[in-house]
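Residue-level structure breakdown
This is what each chain is made of:
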Amino acid sequence: MREKYSAFLLALALLLPLSACGDTHASSSPPPTDGSTLAVHFIDVGQADSALLLCGGESMLIDGGNVADSSLVVSYLESQGVDTLDHVVCTHAHEDHVGGLSGPLNACTANHVYSPVTEYDSKAYRDFLKYTSAQGLEVEIPVPGDAFSLGEARVTVLGPVKEYSETNNTSLVLRVDFGETSFLFTGDMERTAEADLLDAGADLSATVLKVGHHGSDTSTSYPFLREIMPAYAVISVGEGNSYGHPSDDTLSRLRDADCTVYRTDRQGTVVAVSDGTTVSFTTETDAAPAPGRDGAAESAYIGNVRSKTFHTETCSNLPAEKNQIVFSSRDEAAAAGYKPCGNCKP
């Protein structure tokens, strides 16, 4: 395993939370007993996705990163004492999600393996099927409404609610409830599937959002985010990636939603631990997360340096972060030659 994890794993062993929140959401999970916890490990696999969930002696692995990440994920499982995976989830068939699952399926005993499809034309997916078959298992395709337990946590399948030709939109959407807290995983689902999920009336409220599609602007739309209203968001993304992820627009929307944002390109592996009431975070590096507006310095108006207009902090037409300038008052914005936005009418 990479040496950089050693100090981080010691911090996990000592359970040193970096922050906590008493935010509560509706939950279908009964209150945990005997001091049990749900730990969600957002593993740093660069420009890819992998999360390990541990609760009540049971484990679930959601995605495994790229093929090249397979040994890293196996090493991480070993560091957590995991040799049995009660649930293995391939959110969708793209290589940066399914590619690294072959190693864990080869190294660990699995009980259930889920995917939105049973066929996909890539070596990474065929290897995933091969190692699933070697376990004597078949890939299960869950449907909205399916649910299962993970220790004292409850996992509910919310989507996809339709069939899609775009692979990202086929992503399995999972809500994990533990006491009064919840986690939402959306794979790489994009705006079309987000809108369909909203139309279906899914209960999306969550304490922690695993941000879709590595923070791409194609996901995490305003209507979708308003329905979730997360206190925290985690973005799995590679440092200096060629896609420009996470998008400035997505970060702006998360800031509008008052989320505290953790990113694997800045914080490394991020571990969220819920006691059923609050969620605390431990990170691999000392880099601070981006606070929501309530944790930031007070500011009154946001100017757009390109259009020379200024907005309230909650305006839906806020510019990308790189094009923003902060004014402490309306008069200051006007004196700088900025005009009020016609939408929010500051």
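For the structure itself, look to the data block above.
**Considerations on the sheet that holds strand S9 (residues 147–150)**
- Pairing in this open sheet of seven strands is mixed, and the strands run S9-S10-S11-S12-S13-S14-S15 from one edge to the other. At either margin of the open sheet sits one strand with a lone partner, and together these are S9 and strand S15 (260–263). Going from strand to strand, the sheet's axes swing by 20° on average, the running direction of each strand aside.

**Some remarks on the packing of aromatic side chains**
- Throughout the structure, instances matching the rule amount to seven aromatic pairs.
- Judged by centre distance (6.2 Å) and plane angle (65°), the ring pair of Tyr-120 and Tyr-125 falls under edge-to-face.
- For Tyr-125, a relative accessible area of 0% translates into the label buried.
- Consider the rings of Tyr-232 and Phe-281, whose centres lie 4.6 Å apart with planes at 55°: the pair is tilted. Placement of Tyr-232 in strand S14 (residues 232–235) and of Phe-281 in strand S17 (residues 279–283) is noted, with a sequence separation of 49 residues between them. The two residues Tyr-232 and Phe-281 agree in class, both being buried.
- Taken together through their ring pairs, the aromatic side chains of Tyr-120, Tyr-125 and Phe-128 make up a single cluster.
- Positioned above the aromatic ring of Tyr-222 is the side chain of Arg-253, whose terminal nitrogen or guanidinium carbon lies 6.0 Å from the ring centre.

**So, the sheet that holds strand S20 (residues 324–327)**
- Pairing is mixed across the open sheet formed by four strands, whose spatial order is S20-S18-S19-S21. Since the sheet does not close on itself, it has two edges, and those belong to S20 and strand S21 (339–340), each with one partner.
- Both strand S18 (residues 301–304) and strand S19 (residues 309–312) contribute to a ladder of four bridges, which runs antiparallel. Paired with Tyr-301 across the strands is Thr-312, a residue of S19.

**Some thoughts on unusual backbone geometry**
- The peptide bond linking Gly-159 to Pro-160 adopts the cis configuration, its omega dihedral lying at 10°.
- Structurally, the position occupied by Pro-160 is in the loop between strand S10 (153–159) and strand S11 (173–178).
- Note that the residue after His-245, namely Pro-246, is joined by a cis bond; omega there is -5°.
- With respect to the element layout, Pro-246 can be found in the loop between S14 and helix H8 (248–256).
- Despite not being glycine, Asp-63 shows a phi value in the positive range, around 70°.
- Note that Asp-63 resides in strand S4 (residues 58–64).
- Judged by its relative accessible area of 2%, Asp-63 falls in the buried class.
- Although it is not a glycine, His-214 sits at a positive phi angle of roughly 60°.
- Within the secondary structure layout, His-214 lies in the loop between strand S13 (208–210) and helix H7 (222–228).
- Since its relative accessible area comes to 2%, His-214 is described here as buried.

**A word on the environment of Glu-119**
- Residue position: Glu-119 is located in the loop between strand S8 (113–114) and helix H5 (123–134).
- Expressed as a C-alpha distance, the spacing of Glu-119 and Ala-93, which sit 26 residues apart in the sequence, is 8.7 Å.

**Here's the deal with the pairing of S14**
- On S14, burial covers both faces: Tyr-232 and Val-234 on one face and Ala-233 and Ile-235 on the other are all buried.
- Looking at chain direction, S13 and S14 are connected through three bridges and run parallel. Residue pairing in the sheet places Val-208 in a bridge with Tyr-232 of S14.
- Between the parallel elements S13 and S14, the chain passes through H7 in a crossover that is right-handed.
- Where S14 lies against S15, four bridges are found, and the strand directions are parallel. From the neighbouring strand, Val-234 faces S15, where its bridge partner is Tyr-262.
- In this region the chain leaves S14, passes through H8 and returns to the parallel neighbour S15; the handedness of that crossover is right-handed.

**Quick look at the pattern of salt bridges**
- Enumeration according to the criterion identifies nine salt bridges in this entry.
- Across the pair Asp-217 and Arg-191 runs a salt bridge whose closest N-O atoms are separated by 3.3 Å. Within this pair, whereas Asp-217 is found in the loop between S13 and H7, its partner Arg-191 is found in helix H6 (residues 191–199), the two being separated by 26 residues in sequence.
- On the basis of relative accessible area, Asp-217 is assigned to the partly exposed category, the value being 29%.
- Judged by its relative accessible area of 38%, Arg-191 is partly exposed.
- Counted as one network, the salt bridges with shared partners bring together Arg-175, Asp-177 and Asp-203.

The rules we used
Residues numbered from 1 in each chain as written. Predicted model: local features only at pLDDT ≥ 70, side-chain atom pairs only at ≥ 80, totals over all residues. Heavy atoms only, no water. Pairing = 2+ DSSP bridges. Helix = DSSP H or I, 4+ residues; strand = E, 2+ residues; numbered from the N terminus. Axes fitted to C-alpha atoms, helices over the stretch in contact; angles between N-to-C directions. Phe/Tyr/Trp six-rings, centres within 6.5 Å; stacked < 30°, edge-to-face > 60°. Buried < 20%, exposed > 50% of the residue type's maximum accessible area, 1.4 Å probe, protein only. Lys NZ or Arg CZ within 6 Å of the ring centre and 35° of its normal. Right-handed = clockwise from strand over helix to strand, strands pointing away. Salt bridge = Lys/Arg side-chain N within 4 Å of Asp/Glu carboxyl O.

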